[in-house]
Amino acid sequence: MKWLLLLCLCVYAVQCSDYDDDDEEDKPKPVKVFDPRGHRPLDKKREVYNPVRNAPPPISGGSRYQGRPTEAPVGRQEYEKQEQPDAGGCTHASEEMGELCPTGCELKSAIVKQERNVKGEVSKLQKDVDDLSRSANTIYNYVDGMSNALRERQLVSNENGDLVTRYTDDLETQHAFAKEAITTVFPSNIRILQSVLDKIRLKILRVEKAILAQKDGCQEPCTVSCPIPVVSGKECEDIFRKGGKDSGMYLIQPDSFYQPYKVYCDQTTQKGGWTTVQNRMDGSVDFGRRWDDYRRGFGNIAFDVGKGHCSNPGEYWLGNDRISQLSKLGPTEILMEMQDWSGSKVYAQYRQFTVQGEMTNYILSIDGYSGNAGNGLLEGASTLFGENRTMTIHNGMKFSTYDRDNDNWTPGDPSKQCSREDGGGWWYNRCHSANPNGRYYWGGSYTRNMAKHGTDDGMVWMNWKGSWYSLKAMTMKIRPFFS
Ligand SMILES: *[C@@H]1O[C@H](CO)[C@@H](O)[C@H](O)[C@H]1NC(C)=O
């Protein structure tokens, strides 16, 4: 009897696990995980932690820009007739122009990987269902046997009268219960499981079809053309002042010694003039990249959603050389905007932002926080205390990637590298309170078990959502500071 009940419970549990419908959005789970990670606690016996880094202060003082003149009457910008085709996505055709066209190839490989997992799960589930059907049969036979035994006993009881009546009553109750279980509860549970399986199969079929279509699309580098706006400038503020007042892709040339390159200009937020240096929004670009990629920049600058020009930003990292160069033109401010999976938005803004050159491994200096996301970059994670919090400050840190360890976690020890564990290139300390280039987790909440190294490697901003919530969108933009 006991194992019968147990089986009932098992079936019930499987039935209750949540398989969402196709049209249903993946909802963020309302679980709050109060388990601040970010830091690497000190082993007092063997380690010392030195929080001090000799970093130059960020560039401050007079700007090359005066305040904005009041609304110059400038007409809408025009776009050049000549179109500049770019290869992008799978292959990188013209490097200095930046990669432009997202083909979804990276997305594809992510899906393929997932599909492999799902297939395993399904065949396991199928086996479970088969086992269940088999044991249901066994039980059926058992109960059948019981029915016969009962009938015989009833005969006996009729002969022996009251002596066995009480015993038989018990047996009959149990028998009725078991019979009910095998004739209605079990089959219906098995049916439910079967339909869950069928649904998953259908989903996989659809994914397979999508992948096939994607494979075709990725045979050759796609060519999407982005007309280059006529207006160009040193950076997006310059472009704004020259009349480029629509957000979109522009060509900039901060310095006449360097080739012009493409960036996405945000010309609306806080009156515009922002050069986007980082953007995440759908996980279509892999940010777990090596030093050279972070130095040169990677990803898709912008794309066209059918308006005839590239007005939507893609996922990209502008490149440490370019970011450094732009930030050293003069006093520069940075705006980091982020969004969670329920659509809430917060931001962190720093009035001063400077990134040194590659010679010093791109040391970060920032100051002058405002905003509502929390000042992790300067003060560390507010959920940590003492030394632990100090370990998560980013100001004054060098840039690290998985193949170039410049962090402040036992320098020189190859087994202690923040970037290896936390998923992206960043100004890691020991290790982070913010991880904007971390792994992209669909849906927000994730767990230790889902992380590659058990660390909080998501797109994390600890002072807003803690260590175990990965944001939906994140963007970093810079602008010459002017009063
Ligand atoms: C630092 O973190 C470790 C483990 O996370 C904890 O045991 C220790 O008490 C923390 N120290 C402080 C000062 O909070």
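Residues numbered from 1 in each chain as written. Predicted model: local features only at pLDDT ≥ 70, side-chain atom pairs only at ≥ 80, totals over all residues. Heavy atoms only, no water.

By the naming in an unreviewed UniProt entry, the protein chain is Fibrinogen beta chain, taken from Esox lucius. In the Subunit (unreviewed entry) part of its UniProt record, the protein chain is described as follows: "Heterohexamer; disulfide linked. Contains 2 sets of 3 non-identical chains (alpha, beta and gamma). The 2 heterotrimers are in head to head conformation with the N-termini in a small central domain." Reading the Subcellular location (unreviewed entry) entry of the UniProt record for the protein chain gives the comment "Secreted". (UniProt positions renumbered as here; feature names shortened; annotations may be inferred.)

*Asks:* I tried to follow the side chain of Thr475 on my own but got confused; where do I start?
*Replies:* As for its position among the elements, Thr475 is in strand 15 (residues 473-480). Side-chain polar atoms of Thr475 contact the side chain of Asn279, separated by 3.4 Å. Setting aside anything within four residues of it in sequence, one finds Thr475 in contact with Thr276, Gln278, Asn279, Leu335, Met336 and Glu337. (Helix = DSSP H or I, 4+ residues; strand = E, 2+ residues; numbered from the N terminus. Polar contact = N/O pair within 3.5 Å; in protein donor to acceptor, adjacent residues only side chain to side chain. Contact = heavy atoms within 4.5 Å.)

*Asks:* How should I be thinking about the pattern of salt bridges in this particular structure?
*Replies:* Pairing between side chains becomes possible if they bear opposite charge and their charged atoms approach one another. According to the stated counting rule, one finds 18 salt bridges in the structure shown. When the shortest N-O distance is used, the salt bridge between Arg64 and Glu235 registers 3.1 Å. Of this pair, Arg64 sits in the loop between helix 1 (2-16) and strand 1 (85-87) while Glu235 sits in the loop between strand 2 (223-225) and helix 4 (236-241); the two residues are 171 residues apart in sequence, bridging distant segments of the chain. Taking the relative accessible area as the measure of exposure, Glu235 reaches 3% and is therefore buried. (Salt bridge = Lys/Arg side-chain N within 4 Å of Asp/Glu carboxyl O. Buried < 20%, exposed > 50% of the residue type's maximum accessible area, 1.4 Å probe, protein only.)

*Asks:* Explanation requested: the pairing of strand 10 (residues 332-339) in the structure shown.
*Replies:* Within a regular strand, the side chains alternate between the two sheet faces. Taking burial as the measure, the eight residues of strand 10 include six buried ones, the bulk of the element. The pairing of strand 10 with strand 15 spans eight bridges and is antiparallel. Looking at strand 15, one finds that Met338 is bridged to Met474. Sheet topology places strand 10 next to strand 11 (residues 345-355); six bridges connect them, and they run antiparallel. For Ile334, the partnering residue across the bridge sits in strand 11 and is Tyr350. Hairpin geometry of strand 10 and strand 11 is characterised by an intervening segment of five residues between the two adjacent antiparallel strands and by a positive phi of about 95° at Gly343. (Pairing = 2+ DSSP bridges.)

*Asks:* Help me out: how do you make sense of the site of the ligand in this one?
*Replies:* Around the ligand sit His39, Pro41, Phe385 and Asn388, and those are all the residues in its vicinity. At 3.1 Å, a side-chain N or O of His39 approaches an oxygen atom of the ligand. Asn388 is positioned such that a nitrogen or oxygen atom in its side chain is 2.3 Å from an oxygen atom of the ligand. (Near = heavy atom within 4 Å.)

*Asks:* Explanation requested: the state of the cysteines in the structure shown.
*Replies:* The bond known as a disulfide is covalent and runs between the sulfur atoms of two cysteines. If you walk through the whole model with that rule in mind, you get two disulfides. Here Cys236 is linked by a disulfide to Cys265, with a sulfur-sulfur distance of 2.0 Å. Its S-S torsion of approximately -75° makes the covalent link between Cys236 and Cys265 left-handed. Of the two residues, Cys236 sits in helix 4 while Cys265 sits in strand 4 (residues 261-266), which places them 29 residues apart along the sequence. Residue class for Cys236 comes out buried when judged on its relative accessible area of 0%. On the basis of relative accessible area, Cys265 is assigned to the buried category, the value being 0%. Here Cys418 engages in a disulfide with Cys431; their sulfurs sit 2.0 Å apart. (Disulfide = S-S within 2.5 Å.)

*Asks:* Is there a simple way to think about the environment of Ala149 in this case?
*Replies:* Along the polypeptide, Ala149 turns up in helix 2 (residues 105-160). For Ala149, a relative accessible area of 35% corresponds to the partly exposed category. With 22 residues separating them in the primary sequence, Ala149 and Leu171 have C-alpha atoms 10.0 Å apart.

*Asks:* Got a minute to help me understand the nonpolar core in this structure?
*Replies:* Looking at soluble globular proteins, one finds that nonpolar side chains tend to be buried together. Ranked by size, the top nonpolar core spans 58 residues in total, and within it Trp317, Met336, Trp427 and Trp461 carry the most contacts. If you tally residues by element for this core, the top one is strand 11, at five residues. If near-sequence neighbours (up to four positions away) are discounted, Met336 is found in contact with Val346, Tyr347, Ala348, Leu377, Trp426, Pro436, Trp461, Met474, Thr475 and Met476. Membership of the second largest hydrophobic core comes to 17 residues, among which are Ile182, Phe186, Leu193 and Ile200. (Core = buried A, V, L, I, M, F, W, Y, C linked by side-chain atoms within 4.5 Å.)

*Asks:* Quick question: what am I supposed to make of the environment of Arg351 here?
*Replies:* On the secondary structure map, Arg351 appears in strand 11. Taking the C-alpha atoms as reference points, Arg351 and Ser60, 291 residues apart in sequence, are found 9.0 Å from one another. In this structure, Arg351 is in contact with Thr332, Glu333, Asp367, Gly368 and Phe481, ignoring residues within four places of it in sequence.

*Asks:* Please explain the packing of aromatic side chains as it appears in this structure.
*Replies:* Ring pairs (aromatic) are described by centroid distance and by the angle formed between their planes. Evaluated as defined, the whole model comprises 17 aromatic pairs. Between Phe287 and Phe298, the aromatic rings sit 4.9 Å apart at their centres with planes inclined by 75°, giving edge-to-face as the arrangement. Linking Phe287 in the loop between strand 5 (274-280) and helix 5 (291-296) with Phe298 in strand 6 (residues 298-299), this pair joins segments that are 11 residues apart in sequence. There is no split in this pair, since Phe287 and Phe298 are both buried. The interplanar angle of 35° and the centroid separation of 5.6 Å between the aromatic rings of Trp291 and Tyr362 together place this pair among those described as tilted. (Phe/Tyr/Trp six-rings, centres within 6.5 Å; stacked < 30°, edge-to-face > 60°.)

*Asks:* It is not clear to me how the side chain of Glu315 should be interpreted in this structure. Could you clarify?
*Replies:* Along the chain, the position of Glu315 falls in the loop between strand 8 (312-313) and strand 9 (316-317). With residues near it in sequence (within four places) discarded, Glu315 still touches Asn279, Arg280, Met281, Asp282, Gly283, Ser284, Val285, Phe287, Phe298, Gly299, Asn300 and Tyr440.

*Asks:* Could you clarify how one ought to interpret helix 6 (residues 320-327) in this entry?
*Replies:* Turn by turn, an α-helix covers 3.6 residues, leaving residues three or four places apart pointing in a common direction. The element helix 6 is extensively covered by neighbouring structure, given that seven of its eight residues are classed as buried. What helix 6 keeps buried is the set Asn320, Arg322, Ile323, Ser324, Gln325, Leu326 and Ser327.

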